[in-house]
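Next come the chains, spelled out residue by residue.
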Amino acid sequence: MLALIWARGLLLRRWPRLAAAAVGVAAAVALLGSLGSFVSSSKATMTRRAIADVAVDWQVDARPGTDPVGFLDDVARHPGVRAALPVGFATTTGFAATTATGASGASVGASAGSDSTTQTTGPGQLLGLPDGYRSTFPDELRDLAGASSGTLIFQQTAANLHVGPGDTIEVTLPGGASARLTVDGVVDLPQADSLFQDVGAAPGGQPSAPPDNVVLLPAARWHQLVDTVAVAVPGSVKTQVHARVDHSLPADPAAAFSVESGRARNLEVALAGAGAVGDNLGAQLDRARDDALYAQVLFVFLGLPGAVLAGLLTAQVASVGRDRRRREQAVLRTRGASTRTLLALAGVEAALVSVAGAAFGLGAAAIIGRLSFGTAGFGATTGSAVGWGAVAAVTGAVIATATTLVPAWHDARSTTVAAGRTSPLRPRSPRWQRYGLDLILLAGAATVFWLTSRSGYKLVLAPEGVPQISVSYWAFAGPALLWSGAGLAAWRLSELVLGRGRRLLTVLVRPLAGPLASTVAATLSRQRRTLARALVLTALTGSFAASTAVFNATYRQQAEIDARLTNGGDVTVTEAPGVTPPADTAARLGDLHGVRTVEPVQHRFAYVGTDLQDIYGVRPGTIAARTSLQDGYFQGGTADQLMQRLSSTRDGVLVSAETVKDFQLLPGDQLTLRLQNARTKQLVPVMFHYLGIVKEFPTAPKDSFLVANDTYVAESTGDSATGLFLLDTSGVAPPTVARAARQVVGTSATVTDVTSSRKIVGSSLTAVDLAGLTRVELGFALALAAAATGLVLALGLAERRRSFAIISALGAGRRQLASFVWAEAATTALGGLAAGAVTGWALSEMLVKVLTGVFVPAPSHLAVPWVYLGTVVATAAVAIAAAATLAARGARRPAIRTLRDL
């Protein structure tokens, strides 16, 4: 009964304090519930995307001598296999085609006649596809020209032979057999790497490149050509079974990988050595595990600091009314209340705050999910959403208990009745100040940051093919120590200024207080502990908002740079090797609607010693601006500096750091490369001078490559042909321009756009809906900033109504009362935001460095979202102004009425 009476009294008389505490709990519940459901949804999305990206789940390679019919039946009947079709692979010794004179370009080995030219290629593959293959595995082939069935030729092979639909080619098989085939269509093989993989190769071995020359035939025609060859030349023909399996897998990529790899190994055991499984689905899930781990990292990075802030906010709200609560305890104890009774009544308050906060927080999370992701559960399964909701609610209860019940328990056990009826004086500094805990934490942050930012550090460790993966959460100790240490340091500094800097404080508040500046400064000094707590909470909230905003802006910046680096430009046209495009190709591409500039780049190969590397011939005067070269791509100078250096040195060359180390190069050293002469087809030595280091370059591979002047490369090789065109679309949708570019270049070139590249080559967080998450987290940061400034200040001022009433009774006017309020508001706002700005900048620098695996390439500078940061400052200012205005109005009430209410 007493508990119900107490609850009724709290709801009637102390509802503002309960509501404020419930807001803090609700913020923690909503943030944890939202981010937890988001992480679960993201993992499920990663799994679905990984599965969707696989054209053929399993490629089961039959061992020589295995009965193909029985082998196919064994695979098809294996549990979990939904479809299985046999595919034949036959090695060819070459292809040839005779085309009319005048065809663009000529391949190595071409011979000219009076009216025709014959092109020949090296070894390749002849594939036999059964009926229904394309409908069962639709993503394995992509039509480019002609028919979609019959004799199909790979795009690069068509370019090498200069043939298209209707032309005739000759295929030569081992043993001397040959056949003439009429081309029905030209196709692309989007997943050629997996299609021609070496099934059963040792893990970690060097993968072999897919063949450049491929022809695909119907299974019946294929058997007519190769069955006799299989007998005459054993090993030149093999059979694979391509299988589509059940996709009912766990939502988590790591768990899905474990299940899937186990199923593949089970099939190998069932085949008893008759075949090996190329588990493409498992390999894709293996790569997705990194994304899942980075999603967990994102939860730690974004969820825990927000939850801690919400807990601190609740604690600050509870501490504002602690003196009042202590006086109430003293009254109850004089009337015979025991410690157990006092704790029970405090528990009633904690329960009210917990229930109200959990209900409001879960409701807010559902609304946020609906607005940001289109579903209340953020796309997670019902079980995951409910589970995270329960975890968030329990966390809210813990926060409410820790901020309400624990202080009440401490006061009930350690405070006398007489002491509880007075405001306690705390002459001594807190223990953490006396022991220098803030300095220790900052030193620890610097040490951990130094250790984790050294070369070779990896945040996510996922050994290839191994189910166990891990995150080095220890790396987050650096930012956590910095955040905590900076908050305590701000507390120490604010108390020092407010306590011992009375003269400085008097000067600062004079514009607000006028003649009462010294009195207001003395009041602020007396309230320094309360003001310090509010200032620190403002600083921590501001730093959290700043660091998360800068991280998100930097991620968006680097994701765009990453996509443009891989693709080269908004749209990139890459001619097949051996094809010389018409001289007016760049002009025709430049005439397309939406194309602002076209940057031609030569792509050749050169030997550095015995190492074959890509070499790019560029125009240094234009490529820097047209492809947005970043300073981080280079070492030893900025992008503009190295391009200017290259432009002024005709035979200059930029090389990779690995090459510089291997050959012990110094700037200005002569470097002899071997390039192929276009006329003689022989490798010739060409002298270059080493100018600097290039680490990344548009379309270049991740390892070693070279960059030189296109005019010098053309003169040295006798070939000025350009095989790579980088298009700037000036704001027009890149896919639209890419479709138009394909009409210009035909099937001899590959056209890619940055929009498509962005979906597949970004960092590990690309699989996460970062846009929706950004809205959620930045919205929470704004809400916490408003609560940490306005709400805490309003409650603090409300608790000091008695002081304001006494000042009013002593004759203070409205302006004089307002000066006390506005001075306190300005101190909290300016001090907190200044400390938050400094801490936020340091945290941003540290977090971007710690999360180095997210950014590829590493950012050369942080992206600062000034608009959002301005919004945070404006929100805090409005909240503080509103709280101060309400407090100033409340201070105008007649003193007798205020004292009677209290």
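Summarised in this report is the structure supplied together with it. (Residues numbered from 1 in each chain as written. Predicted model: local features only at pLDDT ≥ 70, side-chain atom pairs only at ≥ 80, totals over all residues. Heavy atoms only, no water.)

**Points about the overall build of the chain**
Thinking step 1. Tallying secondary structure elements over the chain gives 31 helices and 26 strands in all.
Thinking step 2. Counting over 902 residues, the chain shows a buried share of 50%. (Helix = DSSP H or I, 4+ residues; strand = E, 2+ residues; numbered from the N terminus. Buried < 20%, exposed > 50% of the residue type's maximum accessible area, 1.4 Å probe, protein only.)

**So, the packing of aromatic side chains**
Thinking step 1. Overall, the coordinates contain 6 aromatic pairs when judged by the stated rule.
Thinking step 2. When the ring of tyrosine 133 is compared with that of phenylalanine 137, the centres are 5.1 Å apart and the planes differ by 50°; the resulting orientation is tilted. Neither tyrosine 133 nor phenylalanine 137 differs from the other in exposure class; each is buried.
Thinking step 3. Ring centres of tyrosine 616 and phenylalanine 705 lie 6.4 Å apart, and the angle between their planes is 85°; on these two criteria the pair is classed as edge-to-face. You can see tyrosine 616 sitting in strand E19 (residues 611–618) and its partner phenylalanine 705 sitting in strand E24 (residues 705–709), a full 89 residues away along the chain. Residues tyrosine 616 and phenylalanine 705 agree in their burial class; the two are buried.
Thinking step 4. Among the aromatic residues, those joined into a ring-pair cluster are Tyr616, Phe697 and Phe705. (Phe/Tyr/Trp six-rings, centres within 6.5 Å; stacked < 30°, edge-to-face > 60°.)

**Some remarks on the nonpolar core**
Thinking step 1. With 47 residues, the main nonpolar core has Val25, Leu309, Val353, Trp491, Leu784 and Tyr868 as its most contacted residues.
Thinking step 2. Broken down by element, this core gets its largest block of residues, 9 residues, from helix H19 (residues 528–567).
Thinking step 3. In this structure tryptophan 491 touches Trp432, Gln433, Ala532, Arg533 and Val536, once residues within four positions along its chain are discounted.
Thinking step 4. In terms of nonpolar packing, the next biggest core, distinct from the first, is built from 24 residues, Phe257, Ala264, Leu285 and Ala288 among them. (Core = buried A, V, L, I, M, F, W, Y, C linked by side-chain atoms within 4.5 Å. Contact = heavy atoms within 4.5 Å.)

**Considering the pairing of strand E10 (residues 178–182)**
Thinking step 1. Residues Ala179 and Leu181 line the buried face of E10, whereas the alternating positions Ser178, Arg180 and Thr182 sit on a face that is not buried.
Thinking step 2. Hairpin remark: strand E9 (residues 168–172) followed by E10, antiparallel, with 5 residues in the connecting loop; positive phi at glycine 175, about 90°. (Pairing = 2+ DSSP bridges.)

**A few points about the packing of helix H1 (residues 2–13) against helix H2 (residues 15–52)**
Thinking step 1. Their axes nearest at 5 Å, the elements H1 and H2 cross at an angle of 90°. When the axis of H1 is compared with that of H2, the two are roughly perpendicular. Contacts from Leu10, Leu11, Leu12 and Arg13 of H1 reach H2 at Trp15, Pro16, Arg17 and Leu18.
Thinking step 2. In the contact of H1 with H2, the residues fall into 6 nonpolar, no polar and 2 charged. (Axes fitted to C-alpha atoms, helices over the stretch in contact; angles between N-to-C directions. Parallel < 35°, antiparallel > 145°, perpendicular 65-115°, else oblique. Nonpolar A, V, L, I, M, F, W, Y, C, P; charged D, E, K, R; others polar.)

**Thoughts on the sheet that holds strand E11 (residues 185–188)**
Thinking step 1. Judged by pairing direction, the sheet is mixed, and its 9 strands sit side by side in the order E7-E11-E8-E12-E6-E2-E13-E1-E14 without closing on themselves. Edge positions in the open sheet fall to strand E7 (142–146) and strand E14 (275–279), since each of these has one partner strand only. Each adjacent strand pair in this sheet contributes to an overall mean axis angle of 30°, direction not counted.
Thinking step 2. Relative to strand E13 (residues 237–245), strand E1 (residues 58–62) runs antiparallel, the two being bridged by 4 bridges. Following the sheet pairing, tryptophan 58 is matched in E13 by alanine 243.
Thinking step 3. Those strands touched by helix H3 (residues 68–76) are E1, strand E2 (81–92), E13 and E14, and its axis lies near 145° from that of E2.
Thinking step 4. Here helix H7 (residues 219–232) sits on the sheet and contacts E2, strand E6 (124–129), strand E12 (214–218) and E13; the angle it forms with E12, its principal contact strand, is near 110°.

**Section: the pairing of strand E26 (residues 749–753)**
Thinking step 1. The alternating pattern of E26 places Ala749, Val751 and Asp753 on a buried face, while none of Thr750 and Thr752, on the opposite face, is buried.
Thinking step 2. Sheet topology note: the strand E17 (residues 571–575)/E26 ladder contains 5 bridges and is antiparallel. Bridge pairing links valine 573 to valine 751 in E26.

**A word on a negative patch on the surface**
Thinking step 1. A cluster of acidic residues, Asp611, Glu658, Asp662 and Asp703, forms a negative patch on the protein surface.
Thinking step 2. Inspection of the secondary structure assignment puts aspartate 611 in strand E19.
Thinking step 3. Residue class for aspartate 611 comes out partly exposed when judged on its relative accessible area of 36%. (Patch = residues over 30% accessible without salt bridge, like charges linked within 9 Å, V, L, I, M, F, W, Y side chains within 5 Å. Areas by Shrake-Rupley, 256 points an atom, 1.4 Å probe, with all protein chains shown as cover. Salt bridge = Lys/Arg side-chain N within 4 Å of Asp/Glu carboxyl O. Lys, Arg positive; Asp, Glu negative; His and termini not counted. Charge placed at Lys NZ, Arg CZ, Asp CG, Glu CD.)

**Some words on the packing of helix H15 (residues 437–452) against helix H16 (residues 477–500)**
Thinking step 1. In contact at an axis separation of 8 Å, H15 and H16 are set at 155° when each is read in the N-to-C sense. Regarding the angle of H15 to H16, the classification is roughly antiparallel. Judged by the sense of rotation from one axis to the other, the crossing of H15 with H16 is left-handed. For the pair H15 and H16, contact is made by Leu437, Asp438, Leu441, Leu442, Gly444, Ala445 and Val448 and by Ala477, Gly478, Leu481, Leu482, Ser484, Gly485, Ala486, Leu488, Ala489 and Arg492, respectively.
Thinking step 2. Residues of the contact of H15 with H16, tallied by class, amount to 11 nonpolar, 4 polar and 2 charged. (Left-handed = near helix turned anticlockwise from the far one by under 90°.)

**A closer look at the side chain of serine 525**
Thinking step 1. Along the chain, the position of serine 525 falls in helix H18 (residues 517–526).
Thinking step 2. Here the side chain of serine 525 touches leucine 498 through a polar contact of 2.9 Å, landing on its backbone oxygen.
Thinking step 3. When residues no more than four places from it in sequence are discounted, the contact partners of serine 525 are Leu498, Gly499 and Arg502. (Polar contact = N/O pair within 3.5 Å; in protein donor to acceptor, adjacent residues only side chain to side chain.)

**Focus on a nonpolar patch on the surface**
Thinking step 1. Taken together, the side chains of Leu493, Leu496, Val497, Leu504 and Leu508 present a nonpolar region at the surface, about 450 Å² in accessible area.
Thinking step 2. Where the nonpolar patch is concerned, the elements lending two or more residues are H16 and helix H17 (502–513).
Thinking step 3. Among the structural elements, leucine 504 can be located in helix H17.

**Observations concerning the environment of alanine 356**
Thinking step 1. Within the secondary structure, alanine 356 is located in helix H11 (residues 339–373).
Thinking step 2. Put simply, alanine 356 and glycine 396 are 40 residues apart on the chain and 9.9 Å apart in space, counted from C-alpha to C-alpha.

**Some words on the pattern of salt bridges**
Thinking step 1. Applying the stated criterion across every chain, the model contains 15 salt bridges.
Thinking step 2. For arginine 596, the salt bridge identified is with aspartate 728, shortest N-O distance 2.5 Å. Here arginine 596 is found in the loop between helix H20 (585–590) and strand E18 (597–608), whereas its partner aspartate 728 is found in strand E25 (residues 724–728), with 132 residues between them in sequence.
Thinking step 3. Judged by relative accessible area, aspartate 728 falls into the buried class, the value being 9%.
Thinking step 4. Among the charged side chains, a salt-bridge network with shared partners connects Asp73, Asp74 and Arg77.

**Comments concerning unusual backbone geometry**
Thinking step 1. Residues other than glycine seldom take positive phi values, yet histidine 162 does so here, at roughly 60°.
Thinking step 2. Within the fold, histidine 162 resides in the loop between helix H5 (155–161) and E9.
Thinking step 3. Take histidine 162: its relative accessible area is 15%, and that puts it in the buried class.
Thinking step 4. For glutamine 664, which is not glycine, the phi dihedral falls at a positive 50°.
Thinking step 5. Mapped onto the elements, glutamine 664 comes out in the loop between helix H23 (657–663) and strand E22 (670–676).
Thinking step 6. By relative accessible area, glutamine 664 is classed as exposed at 62%.

**What to know about helix H24 (residues 710–717)**
Since there are 3.6 residues in each turn of an α-helix, residues three or four apart along the chain are aligned in direction.
Thinking step 1. Buried residues dominate H24, accounting for 6 of its 8 residues.
Thinking step 2. Turning to H24, its buried residues number three or more, namely Asp710, Tyr712, Val713, Ala714, Ser716 and Thr717.
Thinking step 3. Among the residues trailing H24, glycine 718 stands out with phi positive, at a value near 70°.

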